[in-house]
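Tertiary structure, described
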Amino acid sequence: GEDVEQSLFLSVREGDSSVINCTYTDSSSTYLYWYKQEPGAGLQLLTYIFSNMDMKQDQRLTVLLNKKDKHLSLRIADTQTGDSAIYFCAENRGNQFYFGTGTSLTVIP
Amino acid sequence: NAGVTQTPKFRVLKTGQSMTLLCAQDMNHEYMYWYRQDPGMGLRLIHYSVGEGTTAKGEVPDGYNVSRLKKQNFLLGLESAAPSQTSVYFCASTQQGEQYFGPGTRLTVT
């Protein structure tokens, strides 16, 4: 809801990098998040970035934030079949969180 | 440390029936949330609580009520279920910007 937008699908070959993109709406959001959801499970917090940063790296994950364009991306290096899942970006505004519709990542062996 | 748990995991209701979904967290988090997840719509916030005894409406509160009598529990009630409330319901708790989710409750209203 609330206009956090993501593309619906992404397919990559095993070993390649994946880049999942998101645009958000509120320039005053304090944190921006990436979550992973596997079938039949809840959302797992992968990483998040504080709004005064423009990059955060955590092992195979790199988050880039462009505040001017309100654009957030998640890069997964050396994508594995276990990375196949739905990925959600989210922003917080005050006490509430707003999620994108999710990007379904398929990793082709 | 179980994190966030939800009861039940699955439920089928007939239109007009009522039920309560229970969310429990053992992390001493102040903030708790109820979301629904529908295909192609991401997660939408139903109600949330910023502390024991407090509740607030989210994006889609109609047809639902909540209570936070104890800090560790957040209950979601459906007084008269409708087919439009068929969904997967997720509870979450938050501390210092990090939000943790339960495994979900799949509810079907026929």
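See the structure printed just above.
The rules behind each value
- Per chain, residue numbering runs from 1 following the sequence as it is written.
- Working convention: letters from A go to chains and numbers from 1 go to ligands, in the order in which they are written.
- Totals for whole chains, interfaces and linings use every residue, but because this is a predicted model, local features are given only for residues with pLDDT of at least 70 and side-chain atom pairs only at 80 or more, for both listing and counting.
- Hydrogens and waters are ignored; side-chain quantities use all the structure's heavy atoms.
- Pairing between strands requires that DSSP locate at least two bridges from one strand to the other.
- By definition, any uninterrupted DSSP run of H or I lasting at least four residues is a helix, any uninterrupted run of E lasting at least two residues is a strand, and each is numbered from the N terminus.
- In what follows, a contact means two residues having at least one pair of non-hydrogen atoms within 4.5 Å.
- N or O atoms closer than or at 3.5 Å make up a polar contact, with two conditions inside protein: a donor-capable atom paired with an acceptor-capable one, and, for residues adjacent in sequence, both atoms drawn from side chains.
- Buried area is calculated as the accessible area (1.4 Å probe) missing from two parts once they are joined, with the contributions of both summed.
- By definition here, a salt bridge exists when the distance from a side-chain nitrogen of Lys or Arg to a carboxyl oxygen of Asp or Glu is within 4 Å.
- Residue classes follow a fixed rule: Ala, Val, Leu, Ile, Met, Phe, Trp, Tyr, Cys and Pro count as nonpolar, while Asp, Glu, Lys and Arg count as charged, and any other residue, Gly among them, counts as polar.

1. So, the sheet that holds strand 7 (residues 61-66) of chain A
All names here are of chain A. Taken in spatial order, the five strands line up as 1-3-8-7-6 in an open sheet, and their pairing is antiparallel. Each of the sheet's edge strands pairs with one partner strand only, and the pair in question is strand 1 (5-6) and strand 6 (55-58). Of the strand pairs in this sheet, strand 6 and strand 7 are connected by four bridges, and their pairing is antiparallel. If you follow Asp58 over to strand 7, its bridge partner there is Leu61.

2. What about the environment of Asp38 of chain B?
Residue and element names in this part refer to chain B. If you trace the backbone, Asp38 turns up in the loop between strand 4 (31-37) and strand 5 (43-49). Between the C-alpha atom of Asp38 and that of Ala92, which follows or precedes it by 54 residues, the distance is 17 Å. Every residue in contact with Asp38, bar those within four places of it in the chain, is listed here: Arg44, Thr86 and Ser87. A polar contact of 2.9 Å, which involves the side chain of Asp38, links it to the side chain of Arg44. Among the polar contacts listed, one links the side chain of Asp38 to the side chain of Ser87, at a separation of 2.8 Å.

3. Concerning the interface of chain A and chain B
At the junction of the two partners, chain A supplies 19 residues and chain B supplies 23 residues. Interface area for chain A against chain B, summed over the two sides, is near 1,600 Å², with a carbon-plus-sulfur share of 54%. If you look at where chain A meets chain B, you find zero salt bridges. Taken together, the connections running from chain A to chain B amount to six residue pairs in polar contact (both at pLDDT 80 or more). Only strand 4 (31-37), strand 5 (43-50) and strand 10 (96-99) of chain A provide two or more residues apiece to the side of chain A that touches chain B. Per-element accounting of the side of chain A that touches chain B gives the leading share, four residues, to strand 4 of chain A. Taken together, the residues that form the side of chain A that touches chain B break down as ten nonpolar, eight polar and one charged.

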